[in-house]
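The chain contents come next:
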Amino acid sequence: MRYFKSFCLFSLLFVLFITFACRESTKHSESIKLQASGEILRIPIDSLTANISTGLVRYEDYLVNVNWNTNSLQFYNLNSEKLSKEIFYQYEGPQGVGSIFGIHIHSLDSIFLFTQMVPVITLTDTTGIIKNRIQYTKPEGHTNAFVHNAYFGSTPTLQNGKMLVKTHAEGNYRQMTEERLHKSLLAYRINLEDGTHQSTELIYPEGYLNSGLKFFEPSLVFQPEYSVYSLFGDHRLYKQIRFGDLEIFDGKSQYLDESLPYFPVDGERFDTQKYLTASSRYETLVYDEYREVYYRFAYPTLTIEKEEELLGLRENPGPFVIQVFNEDLTLITESYFEGGIYFPNNHFITEKGLYLSANNPENPEAEEDAFRFELIELKD
C-alpha cells in the first residue's frame, strides 16, 4: 500500500529526536460525549499520493495535504470532495524551496513553507511563485523552527510581523539535565522583516526531569494572549500567559498509567522504541475554535514482547484516547478508541466537528485510492 511509503517517515521522526535533539469516561461530565458519527468523508487521491498524509492543514473550505513524495501542496475542496489544485515546488534553483517539512497558511496569499535543513522560511501563495525568502537566526542551543503538520502539532501563529514557532533543544537527548531543560525554549518568535529572533517566556516547566529522564517533546497551541501546551510524559496541561505567569492544570487520563514511565537510559534499541511507541504518553494538543475546546491525543500502555510487534505498532498505531478540555482547561470528557480503525495523526477540524482518518491498514474499509475520514462529534 502507498500508506507505507508515507508512514515510514513518521517512525523516522522518533529516531531524529533521539539523535539530535469507543468507551466513554464516566469520571467526567455525563452530558457531554465524544463519539464516532458514522459519517464518512471520502476524497479520491492519485497514485503519487499516500492515503496517510505527512501533514494536513485545513484552511477555510480546503484541506491541504503536504505531499513529501512529490514536494507539493494539494488543495482539496471539502465541499466538492475533489482535488482543486496542486502546487509542485522545486528543490533547488531560483524557484527552489528545499524539501518541504511543514507549512503554515496565514492566508491564500501568504503560505509559509518550512524545511529542517536550513533556517529559511519561504513565502509563497496559490500561484506557486516564490514571493520572499526569510533567512532567520535562532536562539543559541536551539534548532530551526520545527513545523510539522502531523507530529505533536504546534501550528505557528503570526502577530505584528512576528511568527511564533516551536523549537527543540539541541544536543544529545540522553544527556539532557533538568537544569538545562528548564532553561530551554519551547518556542521563539521570528521577525519576518529582518529575520531576527526573539526569545519567549515559553520554557520547559521546572521539575519535569527531577525524577528521571523523560521524552520532552511538546505540543503547543498558540493563542493571542497565552499559549497552552502538553508534554509527552506529563499528565498536566500548562498555560503560559504572555508576559505573565505559568498556570498548571490537572489533565490525567483514566486510561493511562498513574505513574508515567521514564526513558530507558541504559536500555537497548528495543527498550527505547517500546518507550516511545508503546508506553503511556500524551501527544498532539489541538484547539477547536468552533466548540472552544481543546482535544489532546493520548496512548495507553501496550504489552509488547517481540520486535515484530513493535515494528507493526510503528506502522499501525494501536488504541488511543481523545481528551476534551474546556476553555478553563478542565477535563470534561474523554473517549477510548480501539486500534485497527483510525489513524489519529491524520485529523482536522471543521464547523461539523473533528475528522479522523479511517485508513488504518487493519481497517477493512480503508482505501488505497482515497483519503477517508470519519466525523467524530462532541455531543451534549
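Residues numbered from 1 in each chain as written. Predicted model: local features only at pLDDT ≥ 70, side-chain atom pairs only at ≥ 80, totals over all residues. Heavy atoms only, no water.

### Quick notes on the packing of helix α3 (residues 269-278) against helix α4 (residues 307-315)
Rules: Fitting a line to C-alpha atoms yields each axis, with helices limited to the stretch in contact; the angle taken between N-to-C directions then spans 0 to 180 degrees. In this text, helices come from DSSP runs of H or I with a minimum length of four residues, and strands from runs of E with a minimum of two, each type numbered from the N-terminal end. Any angle that is under 35 degrees is reported as roughly parallel, and any over 145 degrees as roughly antiparallel; angles of 65 to 115 degrees are reported as roughly perpendicular and all others as oblique. Crossing chirality is assigned from the near helix's rotation relative to the far helix, an anticlockwise turn below a right angle marking it left-handed and a clockwise turn marking it right-handed. We call two residues in contact whenever any of their non-hydrogen atoms come within 4.5 Å of each other. Here the nonpolar group is Ala, Val, Leu, Ile, Met, Phe, Trp, Tyr, Cys and Pro; Asp, Glu, Lys and Arg are the charged ones; every other residue, Gly included, is treated as polar.
Where α3 meets α4, the axes come as close as 10 Å, and the angle between the chain directions of the two elements is 40°. The pairing of α3 with α4 is recorded here as oblique in orientation. In this structure, the crossing between α3 and α4 has a hand that is left-handed. Every residue of α4 that contacts α3 at Arg269, Phe270, Gln273, Lys274, Thr277 and Ala278 is listed here: Glu307, Leu310, Leu313 and Arg314. In terms of residue class, the contact of α3 with α4 is made up of four nonpolar, two polar and four charged.

### Considering the layout of surface pockets
Here is the rule: Site definitions follow a grid-based scheme: protein atoms alone, a 1 Å grid, a 1.4 Å probe that fits but cannot get out for cavities, and for pockets an open set with protein on both sides within 12 Å along at least five of seven lines, plus lining residues having an atom within 4 Å of a point. Grid points are joined across faces, edges and corners, and a volume is the space filled by probe spheres set on the points.
Estimated volume of the largest pocket: approximately 1100 Å³. If you trace the largest pocket, you find 39 residues lining it, with Arg58, Thr155, Val286, Tyr287 and Glu289 closest to the centre. In terms of residue class, the lining of the largest pocket is made up of 20 nonpolar, 15 polar and four charged.

### Some thoughts on the nonpolar core
Put simply, the rule is: We call a set of buried residues a nonpolar core when its members are Ala, Val, Leu, Ile, Met, Phe, Trp, Tyr or Cys and they connect through side-chain atoms within 4.5 Å of each other. Partly exposed describes any residue whose relative accessible area lies between the buried limit of under 20% and the exposed limit of over 50%, with all areas from a 1.4 Å probe on protein chains only and scaled to the type maximum.
If you look at the biggest cluster of nonpolar residues, it comprises 43 residues, and the most contacted ones within it are Leu73, Tyr89, Ile103, Leu113 and Leu202. Look past the residues within four positions of tyrosine 89 in its chain and what remains in contact with it is Asn71, Ser72, Leu73, Val97, Ile100, Leu113, Thr124, Asp125, Gly128 and Ile130. Grouped together as the second largest cluster of nonpolar side chains are 18 residues, Val293, Tyr299, Phe337 and Ile349 included.

### Side note on the pattern of salt bridges
The condition that has to hold: The term salt bridge refers to a side-chain nitrogen of Lys or Arg lying within 4 Å of a carboxyl oxygen of Asp or Glu.
One pass over the full model with this rule turns up 14 salt bridges. Residues glutamate 170 and lysine 138 are paired through a salt bridge, measuring 3.3 Å at the closest nitrogen-oxygen approach. One end of the pair, glutamate 170, is in the loop between β12 (162-166) and α2 (178-182); the other, lysine 138, is in the loop between β10 (132-135) and β11 (157-159), with 32 residues separating them in the sequence. Assessed through its relative accessible area of 31%, glutamate 170 is described here as partly exposed. One salt bridge in this structure joins arginine 372 and glutamate 365, with 3.0 Å as the shortest N-O distance. Three or more residues joined by partner-sharing salt bridges are found here, namely Arg42, Glu365, Glu367 and Arg372.

That is the geometry; function is a separate question.
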